[in-house]
Amino acid sequence: MNRTTLSLIAGVTALAAVTGFAALNGPDTAGAGPAKAAAQLPVERTTLVCPAPSSSDIADTSYTSFTPVTKGTDSAGKAQLQAATEESGTATGSTPGTGTGKGKAGGAKKKAPKPVLDPKAPGTPASGDTSGADAPALIGTADGRFAPGWTMQATTEVAAGTGRGLLGVDCTAPDTEFWFPGASTAADRSDYVHLTNPDDSAAVVDIELYGKDGAVKSTVGEGITVAPHSSEPVLLSTLADAPQQDLTVHVIVRSGRVGAAVQALDAKLGGDWLAASTDPAGSLVLPGIPKDATAVRLIAFTPADSDADLRVRLASPSGLITPAGHETVHIKGGMTTAVDLGDVTRGEAGSLVLTPTSQSVPVVAAVRVLRGKAGDQETAFIPATAPVETRATSAGNGAKDATLSLTAPTATAEVRVTASAGSQGGTAVSKTYTIKAGTTQDIAPPVPSGLKGTYALTVERLSGGPVYGSRTLAATKEGVPGFTVQNLPDDRGTVAVPQADQDLSILQR
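Residues numbered from 1 in each chain as written. Predicted model: local features only at pLDDT ≥ 70, side-chain atom pairs only at ≥ 80, totals over all residues. Heavy atoms only, no water.

So, on to the overall build of the protein chain. Of the regular secondary structure elements, the protein chain holds 1 helix and 38 strands. Of all 509 residues assigned to the protein chain, the portion counted as buried reaches 51%. Counted over contacts in the protein chain with a minimum sequence separation of 6, partners at least 24 positions apart contribute 81%. Roughly 21,900 Å² of accessible area belongs to the protein chain as shown, and the carbon and sulfur atoms make up 50% of that amount. (Helix = DSSP H or I, 4+ residues; strand = E, 2+ residues; numbered from the N terminus. Buried < 20%, exposed > 50% of the residue type's maximum accessible area, 1.4 Å probe, protein only. Contact = heavy atoms within 4.5 Å. Areas by Shrake-Rupley, 256 points an atom, 1.4 Å probe, with all protein chains shown as cover.)

If you look at the biggest cluster of nonpolar residues, it comprises 28 residues, and the most contacted ones within it are Leu286, Leu298, Leu352, Leu354 and Val367. For this core, the elements supplying multiple residues, two or more each, are strand E19 (284-289), strand E20 (295-301), strand E21 (308-316), strand E23 (328-331), strand E25 (350-356), strand E26 (364-371), strand E27 (378-383) and strand E37 (480-487). At 4 residues, E21 tops the list of elements feeding residues into this core. Ignoring anything within four residues of it in the chain, the contact list for Leu298 reads Leu286, Thr337, Ala338, Val339, Leu341, Leu352, Leu354, Ala365, Ala366 and Val367. (Core = buried A, V, L, I, M, F, W, Y, C linked by side-chain atoms within 4.5 Å.)

Reading across the sheet, the 3 strands line up as E2-E7-E4 and stay open at both edges, with antiparallel pairing between neighbours. At either end of the open sheet lies a strand with only one pairing partner, and these are strand E2 (45-50) and strand E4 (77-83). Taken pair by pair, the neighbouring strands of this sheet meet at an average axis angle of 10 degrees, ignoring direction. With 6 bridges joining them, E2 and strand E7 (residues 138-144) adopt antiparallel strand pairing. Considered in E7, the bridge of Val49 is made with Ile139. (Pairing = 2+ DSSP bridges. Axes fitted to C-alpha atoms, helices over the stretch in contact; angles between N-to-C directions.)

In the structure shown here, the tally under the stated rule is 3 aromatic pairs. Seen in terms of ring centroids, Tyr210 and Phe301 are 4.8 Å apart; in terms of plane orientation they differ by 35 degrees. Their pairing is tilted. Of the two residues, Tyr210 sits in strand E12 (residues 203-211) while Phe301 sits in strand E20, which places them 91 residues apart along the sequence. Accessibility assignment for this pair places Tyr210 and Phe301 in one class, buried. One aromatic cluster in this structure is built from Trp179, Tyr210 and Phe301. A cation over a ring is seen here: Arg371 above Phe483, with NZ or CZ 4.9 Å from the ring centre. (Phe/Tyr/Trp six-rings, centres within 6.5 Å; stacked < 30°, edge-to-face > 60°. Lys NZ or Arg CZ within 6 Å of the ring centre and 35° of its normal.)

A separate point is the sheet that holds E27. An order of E24-E20-E26-E27 is seen for the 4 strands of this open sheet, with the pairing classed as antiparallel. Each end of this open sheet is capped by a strand with a single partner; those strands are strand E24 (336-342) and E27. For this sheet, the mean inter-axis angle between neighbouring strands, taken without regard to orientation, is 20 degrees. In the sheet, E26 pairs with E27 via 6 bridges, with the strands oriented antiparallel. Note that in E27 the partner of Val369 across the bridge is Ala380.

The subject of this paragraph is the side chain of Ser231. Here Ser231 is to be found in strand E15 (residues 230-235). For Ser231, a relative accessible area of 5% puts it in the buried group. Engagement of the side chain of Ser231 in a polar contact is seen with the side chain of Thr196, the distance being 3.1 Å. (Polar contact = N/O pair within 3.5 Å; in protein donor to acceptor, adjacent residues only side chain to side chain.)

A positive phi angle, near 50 degrees, is found at Arg346, a position not held by glycine. Note on placement: Arg346 falls in the loop between E24 and E25.

Glancing now at the state of the cysteines. If you walk through the whole model with that rule in mind, you get 1 disulfide. Here Cys50 engages in a disulfide with Cys171; their sulfurs sit 1.9 Å apart. Linking Cys50 and Cys171, the disulfide has an S-S dihedral of approximately 105 degrees and is accordingly described as right-handed. Placement of the pair is Cys50 in strand E2 and Cys171 in the loop between strand E9 (165-170) and strand E10 (177-183), with a sequence separation of 121 residues. (Disulfide = S-S within 2.5 Å.)

This paragraph deals with the pairing of strand E35 (residues 455-464). For a regular strand, side chains alternate in direction, first toward one face of the sheet and then toward the other. Pairing geometry for strand E28 (residues 391-397) and E35, over 5 bridges, is antiparallel. Counted as the bridge partner of Ala392 is Val459 from E35. Bridge analysis of strand E30 (residues 413-419) against E35 gives 7 bridges, and the strand direction is antiparallel. Among the inter-strand pairings, Arg416 is bridged to a residue of E35, identified as Glu460.

The residue Ala408 is located in strand E29 (residues 402-408) in this model. Through-space distance from the C-alpha of Ala408 to that of Gly319 is 9.9 Å; in sequence the pair is 89 residues apart. Apart from residues lying up to four places away in sequence, Ala408 is in contact with Ala413, Ile435, Lys436, Ala437, Gly438, Thr439 and Pro466.

Attention now moves to the confidence of the model for the protein chain. Chain-level pLDDT for the protein chain is 87 on average; 84% of the residues reach the 70-or-more range. Note on residues 504-509: pLDDT under 50 across the span, and 6 contacts to partners over four residues away in sequence or across chains. (pLDDT = per-residue confidence, 0-100.)

To continue, consider the pattern of salt bridges. For the structure on display, the rule yields 10 salt bridges. With a shortest N-O distance of 2.8 Å, Arg257 and Asp199 are connected by a salt bridge. On the criterion of sequence distance, the pair formed by Arg257 in the loop between strand E16 (247-255) and strand E17 (259-266) and Asp199 in the loop between strand E11 (189-197) and E12 is long-range, its members being 58 residues apart. Residue class for Arg257 comes out partly exposed when judged on its relative accessible area of 28%. The partner of Arg297 in a salt bridge is Asp246, with the nearest N and O atoms 2.5 Å apart. Residue Arg297 is located in strand E20, and its partner Asp246 is located in the loop between E15 and E16; the two are separated by 51 residues in the primary sequence. (Salt bridge = Lys/Arg side-chain N within 4 Å of Asp/Glu carboxyl O.)

This is the structure:
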């Protein structure tokens, strides 16, 4: 009995270190003192998945892996990547990469190529490059000192064709539910939701679509099987009978878990990756709309039965302002709503802040941002994101191509931004910034001295109110202003682990 008690306590503690959360609550015991505060300990294991970067033969993709140095970790550990296999012949009446992913699992698999990079020790980025349409999805695991805050970025340049431009995506942790407002099955769009299964057993996934009139009726998106250690790109237009300009995609995992991301490709406006919105909430922040944005389109959805009314404000460098003509947005329950905000930033960096006008109703949202003039425009997406509670990291930055956007919507906050050493050399540097309440600050981030290669940016909230952030990469080719935006949610590098009230070592026999 005594050994069972100890095993249970040890098991819960280990679970907390791996999964990111654990709590022990029990009835008060006579003579028991107050519960001790939970200790913040580094996570012991992290899994990341990266979708296949492109189906274009002229795509060039660079990857960067980085783990920030975290106090309290062991000296041991490792991080490694493997290429996911893509099912061949499993989709009914289709070829890999163009079908629904629905069909029987267990078909022939492509031979997994060697991963493009080997992650380096914490504090130093590792980079690698690949080209063409055969680059696979990646599955990564890290443990020990490599796990806390591990971040990977994939950045792809496509010179021409549908979805041309600069496409960027953060490799994400697998989960069981995702929301993607901002997808489309319009005539000029070819949107795929990429599902990657990192585990040893198959995952079963449902994909639901919601348009301006509500749920899109379809059974094709039900029961999609994603084989172990494999990836399935699902073309959204195969799940709907008629084109839809604005869609919200809901990915639900019945069994197992997957990583999910939407690749939104436009024949005229370029393309980018659409990352998942933060979980449905009454208030949302969408950080880092570029100051030279020429068109901003807000797409929002509530899964609730009741309607949502949101106040729309822009956190500018000088404070919160209300866009003329777009003071509020009304979102019908179960329906996707889209609003064109035009050049809402008017030459200044900004972040959208959405708050309920009265009753709080959970909402998900994203904005599609255009830069450039007609004929030479490029697209990026900014979904609503969670705040930086403690620390967030963005990998794959160059010496002159990155802009960091930080927003403190409710109270002034102080943050420290650290530029890591370069992937091929350089010395890390840090700088502290104060973000005033209600403002967005665009920052030309610090650059490592003697930089060679790419580097990572780590944002730490030191004090004050909540901070939301994003990083923009830019690369102009042949006059087309290519760009991509990635949010900076907290890296969840540490977890709260309950502490025992007394020494239980005497129970061991």
